[in-house]
2 protein chains.
Amino acid sequence: MEKELFVLLFKKLSELGEEEGSALLSRGIDVQSVMPTVVEIVNDVQERGDRALCDQTERFDGVRVGRFRVGEDEIEKADEEVPEKLKKALEIAVENIAAFHHQQLDRDLWMTQTSPGAMAGQMIVPLDSAGAYVPGGRAAYPSSALMTVVPAKVAGVERVVVCTPPGKDGKVSSITLVAAQMAGADEIYRVGGVQAVAAMAFGTETIRPVQKIVGPGNIYVTAAKLLLRSTVEIDMPAGPSEVLIIADYTAEPEVLASDMIAQAEHDPQSISVLVTDDEDLAIATKVEVEKQAKEVARREIVKKSLAKSAILKAGSTEEAIGFSNSFAPEHLEIIVRDPMTVLRQIRSAGSVFLGPYTPVAAGDYASGTNHVLPTSGYARVFSGLNADAFVKKITVQQISKDGLRLLSDAITVIAEAEGLAAHAESVRKRLVERKPENL
Amino acid sequence: MEKELFVLLFKKLSELGEEEGSALLSRGIDVQSVMPTVVEIVNDVQERGDRALCDQTERFDGVRVGRFRVGEDEIEKADEEVPEKLKKALEIAVENIAAFHHQQLDRDLWMTQTSPGAMAGQMIVPLDSAGAYVPGGRAAYPSSALMTVVPAKVAGVERVVVCTPPGKDGKVSSITLVAAQMAGADEIYRVGGVQAVAAMAFGTETIRPVQKIVGPGNIYVTAAKLLLRSTVEIDMPAGPSEVLIIADYTAEPEVLASDMIAQAEHDPQSISVLVTDDEDLAIATKVEVEKQAKEVARREIVKKSLAKSAILKAGSTEEAIGFSNSFAPEHLEIIVRDPMTVLRQIRSAGSVFLGPYTPVAAGDYASGTNHVLPTSGYARVFSGLNADAFVKKITVQQISKDGLRLLSDAITVIAEAEGLAAHAESVRKRLVERKPENL
């Protein structure tokens, strides 16, 4: 029975049953199931502010917090506690993430001539404030602090707030504090879950509201973000993490297996899928997955996650690409002879990892791209978190008198067709001759 | 009493009462008030599909529609009916809108080196489908068809659906049909209101669902979009149209008044605000507004709208800019000696119109920028509709073996700090020496 410890779906793609296919493809998250609880907490925070934060934190995090804002003294202490080696790693990550997200920003102002004498353009202005939700509690996720705060600061957001749940001791992990500080967070609060999202949306006595809330979180946090989306803008809903790997004969089974196991250790709900046209590779990877799974620290989590995962044999790379596009994976690894050609056929994915030396773990931490990515098929519509999420694009136009004259027919004819005669008149009033000193 | 026909607030900015200020600044839209009706219609469409569309259309548009899809024959007939002059105007508009939105698109794929041997980049992929809501019924809004469909097509969306309410005769205005066709719409349906939004979100027997719904609409349409935001992505909530004008002594009262009246003719809820540091200009514009309002066709609408509007005297251009940034206007006109300097101090606005010859009407129709813009203060957080709204940004990375070796410490140290040992292992497994033929 030892061999059966780690079960994952192993099948020809063409023989995938309807139920199996649907489990892989329609893996939406059921936020409705938690909504009653979420609504209750949100209402409480909206009504009672800090007092609600205090009670809800006691209820969910098992600790009564006196002061929600993390003070300078605690941040300094954290800085002393965190080993130099980790600080150096975080510094490299911050540098690469900042460099990449700078590239994502458009020029701060550009204009182009759309019609002779008519210049139209776009100006980039950052949001005034943003809130980053950083999961915590039992574990520390310094990388999530980097991935949410750095892009906001790169975009120019003046006030970036971090909310992260306290541990049973009422403290935030030193590692998360150091990461948030290094990333440039302006305010850090020890509050998590639905109550943190509600606090950032409505504001409380100590936490001023923000304009947009970003960052990963469990189903409660996602439900709260979706619920409050009319009050505050959000990045995207978040479900369990997932990877899909398209591989051919050039791939190394040991490497593929290690990526599937790495994905599986995140969460019992995580999904890893390998799609390959090489049957030998499929079999060898299955053997390797079973072998590596036995050696991994988070064995129970990995076991549950693998039960949701699959190794699928495709008839061709094209069939594998087709399946991947339907799946719309959060992470997509393309480990084939010519990854760039496959890349250009990809329609939906959060982030893509090309070639044998680009593990998802690189993007999780240090290649510079963002790891806050659309899961559960949301990649069909959503992009991952990026610098653009923190700016507004304001369009601009400036027309000369001659330019307006040239456009006046087009404007007035359409305006009148829409029954908006005063619109047409606003053009004509500009084209009458006036005394030169008034122009 | 004739003089009192058109009343608008006329005050020093510094003397603005709390209630008056709040009416101007906190002008959110109360979607909750219509939500019960919206929920009822949405549920009906989700349950009964086309039959619900049929009943709800009869209920709200007063006509029983047999076939919702507008046929080729109708589009051809519409093309014959619309005057050449209007077609020419629409063509110019399409050309300028397409040219401008092309400029908004990022390169389809770029990569940059974030660390030696590590390339990170971004690929643009259009959404598969989008739905454009084009208001209709009594009036025709061809420009809304252009502003929603052209950017989607420029972005490369394959399937762009237009929904627009039928008139009492069960027909869609020829002008709207011609505009939608010219813009590149793939499917046009004669259905409006909440039922159209629900149909595009869930799909019915005749209308397949879309990935994102954009376009202006009344409070019911906005409420439906917000309600369905977990099912389908939307552009932004829409409230009544508005303009804020920052002007100095160089501006022409007659021109300012014509822009305020043009704004006012949209809707009884529309708001026009002039803020100027020039008291003579303020007085002269008030006189002009009253004069022009009497001559306008939509006099009753203008009267109601002006009652919500204001002419405010600022102590300086800086104070005017500050007020504008708090107001976050949909349309912002800057008619001052040096508009570019003022522009760079603008933090929130939908679209900005610089100088004396750039009426809002130019952006509404023909300068090329989009007229689907954030109203009701949403410009504090949202951008107007743009080409980016129709694409996904997929990040990409490719690392060489040496590049991964260089990054490996940063990755593994952070991974282990987060308790994710298998993540670290996925890096190490790639760096072991293997037989050359397997690499």
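Here the structure is a predicted model, which is why all the values come from computation and not from measurement. Each chain carries its own residue numbering, running from 1 in the direction its sequence is written. The order in which chains are written sets their letters, starting at A; the order in which ligands are written sets their numbers, starting at 1. Since the coordinates come from a predicted model, pLDDT governs what is reported: local features require at least 70, and pairs of side-chain atoms require 80 or more to be given and counted, while whole-chain, interface and lining totals use all residues. The basis for every side-chain value is the complete set of non-hydrogen atoms in the structure, without hydrogens or water.

1. Details of the sheet that holds strand 9 (residues 242-247) of chain A
Strand order across the open sheet formed by 9 strands is 1(A)-11(A)-10(A)-9(A)-12(A)-13(A)-14(B)-3(B)-2(B), with mixed pairing between neighbours. This sheet does not close on itself; its edge strands, each paired only once, are strand 1 (9-12) of chain A together with strand 2 (109-115) of chain B. Here the average twist between neighbouring strands, direction ignored, is 20°. Strand pairing is defined by DSSP finding a minimum of two bridges between the two strands. A run of DSSP states H or I qualifies as a helix once it reaches four residues; a run of E qualifies as a strand once it reaches two. Both are numbered from the N-terminal end. Two elements, strand 10 (residues 271-276) of chain A and strand 11 (residues 310-313) of chain A, share 4 bridges in a ladder whose sense is parallel. For V273 of chain A, the partnering residue across the bridge sits in strand 11 of chain A and is A310 of chain A. By the convention used here, residues are in contact when the closest approach between their heavy atoms is within 4.5 Å. The axes used here are C-alpha line fits, helices contributing only the stretch in contact, and every angle between their N-to-C directions lies in the interval 0 to 180 degrees. Of the strands in this sheet, strand 2, strand 3 (118-126) and strand 14 (391-399) of chain B are in contact with helix 16 (residues 401-417) of chain B, which crosses strand 14 of chain B at around 95°.

2. Regarding the sheet that holds strand 7 (residues 212-214) of chain B
Pairing between sheet strands relies on hydrogen bonds along the backbone, with the strands arranged either parallel or antiparallel. Residues and elements named next belong to chain B. Sheet architecture is open: 5 strands sit in the order 6-5-4-7-8, paired in parallel fashion. Strand pairing shows two members of the sheet lacking a second neighbour, strand 6 (187-190) and strand 8 (233-234), which therefore form its edges. Bridge count between strand 4 (residues 129-133) and strand 5 (residues 159-164): 5 bridges; the pairing is parallel. Looking at strand 5, one finds that Y133 is bridged to C163. Contacts between helix 6 (residues 142-155) and the sheet are confined to strand 4, strand 5 and strand 7, with strand 5 contributing the most and set at about 175° to the helix.

3. Some remarks on the UniProt feature "binding site: NAD(+)" (unreviewed entry) in chain A
All names here are of chain A. UniProt positions are given in the numbering used here, feature names are shortened, and annotations may be inferred rather than shown by experiment. UniProt feature "binding site: NAD(+)" (unreviewed entry): in the numbering of this structure it lies at Y133, Q195 and N218. Taken along the chain, the residues just named run across 86 residues; in space they keep tight, none of their C-alpha pairs more than 12.9 Å apart. Here Q195 shows up in helix 8 (residues 193-202). Sequence-distant contacts of Q195, that is, excluding residues within four places in its chain, are made with I41, V45, L53, Q56, T57, F60 and D61. Residue placement: N218 occurs in the loop between strand 7 (212-214) and helix 9 (219-227). Categorising residues by exposure relies on relative accessible area from a 1.4 Å probe, with only protein chains included: less than 20% of the type maximum marks a residue as buried, more than 50% marks it as exposed, and the intermediate range marks it as partly exposed. Its relative accessible area of 47% is what places N218 among the partly exposed residues. Among the polar contacts listed, one links the side chain of N218 to the backbone nitrogen of Y220, at a separation of 3.0 Å. Each polar contact in these results corresponds to two N or O atoms within 3.5 Å; when the atoms are within protein, one needs to be able to donate a hydrogen and the other to accept it, and residues that are neighboring in sequence are counted only if both atoms are side-chain atoms.

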